[in-house]
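Coordinate inspection notes
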Amino acid sequence: MKILILSCNTGGGHNSAAKALKEIFDVQGDECIIKDALSFGGQQLSDLVCDSYIEMVKHTPELFGHIYKLGQNLPESKLGLNSPVYNINAIYSRALAKYINSENFDRIICTHIFAGQALTHLKKHDKISVPFYFVATDYKACPMAEELRAELIFAPHEDSVYTFEAKGIPSKIIRPFGIPVSQKFLAPKDKETARRKLGFLPQNKIILIMTGSMGFGDSFDIVQGLLGKADKNTKIVLITGNNKKLFAKAQQNFGNDERLVLIGFTDQVSDYMDASDVLFSKPGGLSSTEAIAKGIPIVHTSPIPGCETENAEFFLAHHFSLCANTVADAVESGIRLLNDHFLTEQIIEAQKHYRPENAAKAIADCVKNS
């Protein structure tokens, strides 16, 4: 079977979900191709949209949150009018249709709403006949999900389903299979093995701080707070991702403190999670799901207003994590989790009730057999 997965470069989670699905299709012997949906409007459009998104959430997150809220409260018009975002994604749909029809795909999967809207436009105008499916990567339905005309929508959790139904999406097309994560996150190593691999000592307590693929958040201040409270056996691992300025700033200010381990972009996130006792992370849907798969107590910090705020609320309500509103709260929560084994076990047990067996495989099998 020939599968096309359409993603978008606004954050790393959508691409990670796409890659997790491709892993399964590759193992099963299917031909699977991942494409950036926006690139069909030209690389300049893709770069413009993604760069604008990054700049907005970095410098004016409140504005992004306001726009997100407007989108959530903008139901599909009874007059048949589409949202402005839908109309933008319709612009490049002709080029996308030409590619789809020339390549003879059997199925299409979207891990971003933009791609889903472009495909919906093509479906409405009978430009493609290939069935397409939408994979949600946040724990509540995103704005304008009601505009999609997907065969099936894969939701992250049973308790996420009502947020799609509230938008008028029929329950019969919703499948709460989970968010797809790479297979390496589904087979946790024991802490001792992981620590030995990464050069840590068995007696170390390890705090992992992840800033996301773009390096957002209050990580510098959190590191400073933790170094003021952590004992000599604690290792604070800061993964800065693509944020070179954060790496340099942390190195300049804390580089002489042996408790801090600075890591830039790395493909060993799975190993660092296995080795860690506590994880500090923004509440991205994908990274949070990876942490649940590993069974790590989480302190959620600095959510981007909108989808990440909703993820944090969902995790807190289900006792999957602690959520901090300030740097001081985050530091206090992290130290508490490091020392309060009862609380740690409560969070891990709550996570076990949800922990996906293998969402990527369940989605891939469902897509192929539907």
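Now for a description of the structure that goes with this document.

**Details of the overall build of the protein chain**
When helices and strands are tallied, the protein chain shows 16 helices and 12 strands. With 370 residues in all, the protein chain has 55% of them scored as buried. Once local pairs closer than 6 in sequence are excluded, the contacts in the protein chain between residues at least 24 apart make up 68%. Accessible area for the protein chain stands at about 16,700 Å²; split by element, carbon and sulfur atoms hold 52% of it.

**A word on the pairing of strand β2 (residues 31-36)**
Of the pairings in the sheet, the one linking strand β1 (residues 2-7) to β2 comprises 6 bridges and is parallel in character. Opposite Ile5, over in β2, you have Ile34 as the bridge partner.

**Section: the pattern of salt bridges**
As enumerated under the stated definition, the model contains 15 salt bridges in all. With a closest N to O distance of 3.7 Å, Glu192 and Arg196 form a salt bridge. Within this pair, Glu192 and its partner Arg196 are both found in helix α8 (residues 191-198), separated by 4 residues, close to a single helical turn. The two residues Glu192 and Arg196 agree in class, both being exposed. Each member of the salt-bridge network shares a partner with another, and the members are Lys189, Lys197 and Asp271.

**Here we look at the packing of aromatic side chains**
In this structure the tally under the stated criterion is 8 aromatic pairs. Measuring from centroid to centroid gives 5.6 Å for Tyr99 and Phe105, while their planes differ by 50°, and the two rings are tilted. Between Tyr139 and Phe314 the ring centres are 5.1 Å apart and the planes differ by 35°, which places this aromatic pair in the tilted class. Note that Tyr139 is positioned in the loop between β4 (132-135) and β5 (152-154) and Phe314 in helix α13 (residues 307-317), a separation of 175 residues in sequence. Both residues of the pair, Tyr139 and Phe314, count as buried. Each member of the aromatic cluster is reached from another via a ring pair, and the members are Tyr139, Phe314, Phe315 and Phe320. Geometry around Phe105 places Lys2 over its ring, the cationic atom sitting 5.1 Å from the centre. We note Lys249 situated over the ring of Phe220; from NZ or CZ to the ring centre the distance is 4.2 Å.

**With respect to the sheet that holds strand β7 (residues 205-210)**
The strand order across the open sheet built from 6 strands is β9-β8-β7-β10-β11-β12, with neighbouring strands paired in parallel fashion. Sheet topology places β9 (260-263) and β12 (321-323) at the edges, where each strand pairs with a single neighbour. Each adjacent strand pair in this sheet contributes to an overall mean axis angle of 20°, direction not counted. As judged from the 6 bridges shared by β7 and strand β8 (residues 234-239), these two strands associate in the parallel manner.

**Details of the sheet that holds β1**
Pairing in this open sheet of 6 strands is parallel, and the strands run β2-β1-β3-β4-β5-β6 from one edge to the other. Both outer strands of the open sheet, β2 and β6 (174-175), are each paired with one neighbouring strand and no more. Note: β4 against β5, 3 bridges, orientation parallel. Across the sheet, the residue bridging to Phe134 is Ile153, located in β5. This element, helix α1 (residues 13-27), spans β1, β2, β3 (107-110) and β4 of the sheet and lies at about 170° to β1. Seen against the sheet, helix α6 (residues 113-124) touches β1, β3 and β4 and runs at an angle of roughly 155° to β4.

**Remarks on the environment of Ala166**
Relative to the helices and strands, Ala166 is located in the loop between α7 (161-165) and β6. A relative accessible area of 67% means that Ala166 is categorised as exposed. Residues Ala166 and Ala141, 25 residues apart in the sequence, show an inter-C-alpha distance of 9.0 Å.

**Observations concerning the pairing of β9**
Of the strand pairs in this sheet, β8 and β9 are connected by 4 bridges, and their pairing is parallel. If you follow Ile236 over to β9, its bridge partner there is Leu260.

**Notes on the nonpolar core**
By size, the foremost hydrophobic cluster in this structure holds 55 residues, and its most contacted members are Leu6, Ile100 and Leu119. It is α6 that contributes the most residues to this core, 6 residues altogether. Residue contacts for Ile100: discarding those within four places in its chain leaves Leu4, Phe105, Ile108, Leu119, Ile128 and Val130.

**Re the side chain of Arg259**
Looking at the secondary structure, you find Arg259 in the loop between α10 (244-254) and β9. A polar side-chain atom of Arg259 sits 2.6 Å from the main-chain carbonyl oxygen of Ala230. Look past the residues within four positions of Arg259 in its chain and what remains in contact with it is Leu227, Ala230, Asp231, Lys232, Thr234, Lys235 and Ile236.

Criteria and thresholds
- Residues numbered from 1 in each chain as written.
- Predicted model: local features only at pLDDT ≥ 70, side-chain atom pairs only at ≥ 80, totals over all residues.
- Heavy atoms only, no water.
- Helix = DSSP H or I, 4+ residues; strand = E, 2+ residues; numbered from the N terminus.
- Buried < 20%, exposed > 50% of the residue type's maximum accessible area, 1.4 Å probe, protein only.
- Contact = heavy atoms within 4.5 Å.
- Areas by Shrake-Rupley, 256 points an atom, 1.4 Å probe, with all protein chains shown as cover.
- Pairing = 2+ DSSP bridges.
- Salt bridge = Lys/Arg side-chain N within 4 Å of Asp/Glu carboxyl O.
- Phe/Tyr/Trp six-rings, centres within 6.5 Å; stacked < 30°, edge-to-face > 60°.
- Lys NZ or Arg CZ within 6 Å of the ring centre and 35° of its normal.
- Axes fitted to C-alpha atoms, helices over the stretch in contact; angles between N-to-C directions.
- Core = buried A, V, L, I, M, F, W, Y, C linked by side-chain atoms within 4.5 Å.
- Polar contact = N/O pair within 3.5 Å; in protein donor to acceptor, adjacent residues only side chain to side chain.

The values reported here are purely geometric and, on their own, carry no functional implication.
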